Amino acid sequence: MAGGASRQQDKSGGRTGGRVLAAASVTVVLWASSFISIRSSGEHFGPGALAFGRLVVASLVLGAILLVRREGFPPREAWFGIVTSGALWFGAYMVALNWGEREVDAGTASMIVNVGPILMALLGGWLLKEGFPPKLMAGMAVSFAGAVVVGFATSGGGASSVLGVLLCLVAAVVYAVGVVLQKPTLKHATPLQVTTFGALTGAVACSPFVGQFVSEAERAPMSATLQVVYLGVFPTALAFSTWAYAISRSTAGKMGSTTYAVPVLVILMSWLFLGEVPGRLALLGGLLCLSGVAVARMRGKAPEHAPGDAPAGPLAADPDEAAKSTR
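Rules behind the numbers
- Residues numbered from 1 in each chain as written.
- Predicted model: local features only at pLDDT ≥ 70, side-chain atom pairs only at ≥ 80, totals over all residues.
- Heavy atoms only, no water.
- Helix = DSSP H or I, 4+ residues; strand = E, 2+ residues; numbered from the N terminus.
- Buried < 20%, exposed > 50% of the residue type's maximum accessible area, 1.4 Å probe, protein only.
- Contact = heavy atoms within 4.5 Å.
- Areas by Shrake-Rupley, 256 points an atom, 1.4 Å probe, with all protein chains shown as cover.
- Phe/Tyr/Trp six-rings, centres within 6.5 Å; stacked < 30°, edge-to-face > 60°.
- 1 Å grid on protein atoms, 1.4 Å probe; cavity = no way out; pocket = protein on both sides within 12 Å on 5 of 7 lines; lining within 4 Å.
- Points joined across faces, edges and corners; volume = space filled by probe spheres on them.
- Nonpolar A, V, L, I, M, F, W, Y, C, P; charged D, E, K, R; others polar.
- Polar contact = N/O pair within 3.5 Å; in protein donor to acceptor, adjacent residues only side chain to side chain.

Caption draft 1: Spotlight on the overall build of the protein. Helix and strand counts for the protein stand at 14 helices and zero strands. For the protein, with 327 residues in total, the buried portion stands at 46%. Within the protein, residue pairs in contact and separated by at least 24 positions form 87% of the contacts whose partners lie at least 6 positions apart. Surface exposure of the protein reaches about 15,900 Å², of which carbon and sulfur atoms provide 68%.

Set out below in C-alpha cells:
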C-alpha cells in the first residue's frame, strides 16, 4: 500500500512538474515575441499609448475568462500585492520597455531586461533578509559591466541610445520588484485573479495616455493595430497567466532562470522578422549581462553523503525550497 501511494504521489508530482514546465515554456516564447511586436508597432504608437492599448485588450480578455470561470474578486489580503505589482510590472514596466525599444534594437533590449533575476536576488537579500552572498555580488558586477558595454556600444547613436539602455534597466528593476510582490500574493488569490486585476491596474495607471492612443490608432495602419491586439491577447493575457500559474507552483528564483532563453529567441526572431541583429560589441555586453545572472545563480556543490546517510532535511534536494523553509 505504501509503495502504491508513493508511486501515485510521484505521478502526481510529475504531472504538476510537466504543467509548470509547459506553462513556463509558453511564457518564454510569447514574451520573446513581444519584443518584436513592440519594436515594430512602436513606429506608430508612443510608449504610453502602446502600453495602454495592450493592457486594455488584456483586461477585456482576462475579464471575460474570469466571468466565465466565476472566480470573482480576490480576497482583501491579495489587493496590496495585486495593485502594487500591477502598477509597477504591468504599467511602469511596459512603458519603460516600449520607450527603451524605440532607442535600442529588440535583441539588445531583451538582454538588458534579463538582468531581472539578479535584481530579484538582491531584493530577496534586502527585504527577506537572505543576505548578499559573494556570488551574487560578483554576478551583479559582471552584469553591470555588461550594461556599461552595451551603453558604450550604442552611444554612437547619440544620447538617445544611452537613454534606451537606462530605460531597459528601469524595466528590469520594476520587473524584478513585480515578481517579488506577486509571489506571496498568489498565496491568497488564483493566478487568473492576480493577472486580471494586475492588468486592469496597469491599464488604469496608463489611462493618461488614452487620448494619445485614440489619435494614434486612427492614423496607424491596420497591421500596427493588430500587433497591439496580439500583445494584449498573447504576451499579456496568456503569457502572464501561464507565468502566474507556474510561479505559484515554483519559486521566483527558478522561474527567473527560465527567462534566460528569452534573449536567444528574441535575437532569432528579430533577425527573421525585422532584419535586426545587435552589433558585436552590444552582443558582447548583453552576453556579459546574462553571464552575470548565471554567476549569481550558481550553487555550491551539495554535501556528499555516505551510502545510507539521510539528507540534511526533507527539502535538501531543492535549495530554493529549503531556503524558503528557513525564512
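Back to the write-up after that little detour.
Caption draft 2: Looking closely at the packing of aromatic side chains. A complete count under the given rule lists 14 aromatic pairs for this structure. Relative to Phe90, the ring of Trp89 lies with its centre 6.2 Å away and its plane at 55°, an arrangement referred to as tilted. Phe90 matches Trp89 in its accessibility class, with the two residues each being buried. Taking the centre distance of 5.9 Å and the plane angle of 80° together, the rings of Trp89 and Trp243 count as edge-to-face. In this pair, Trp89 is assigned in helix H3 (residues 79–100) and Trp243 in helix H10 (residues 222–248), connecting sequence segments 154 residues apart.

Caption draft 3: Geometry of helix H4 (residues 106–113). Among the eight residues that make up H4, eight are buried, leaving the element largely enclosed by the rest of the structure. Residues Ala106, Gly107, Thr108, Ala109, Ser110, Met111, Ile112 and Val113 constitute the buried set of H4.

Caption draft 4: Representation of empty space enclosed by the protein. Applying the stated criterion across every chain, the model contains one cavity of 30 Å³ or more. What the largest cavity holds in volume is close to 160 Å³. What lines the largest cavity is a set of 14 residues, among which Trp31, Phe35, Tyr93, Val113 and Tyr175 lie closest to the centre. Of all the elements in the fold, those that place two or more residues in the lining of the largest cavity are helix H1 (2–41) and H3. For the lining of the largest cavity, the element with the most residues is H1, which contributes four residues.

Caption draft 5: Main features of the layout of surface pockets. Looking at the second largest pocket, its volume works out to about 250 Å³. Going through the elements one at a time, helix H2 (47–69), helix H8 (191–205) and H10 are the ones with two or more residues in the lining of the second largest pocket. Looking at the lining of the second largest pocket element by element, the count peaks at six residues for H10. Its residues assigned to classes, the lining of the second largest pocket comprises 10 nonpolar, two polar and no charged.

Caption draft 6: Broad picture of unusual backbone geometry. Despite not being glycine, Arg70 has its phi angle at roughly 55°, a positive value. When you line up the elements, Arg70 lands in the loop between H2 and H3.

Caption draft 7: The arrangement of the side chain of Thr195 in detail. Along the chain, Thr195 turns up in helix H8. Of note is the side chain of Thr195, whose polar atom sits 2.8 Å from the backbone oxygen of Pro191. If near-sequence neighbours (up to four positions away) are discounted, Thr195 is found in contact with Leu62, Phe90, Ala237, Phe240, Ser241 and Ala244.

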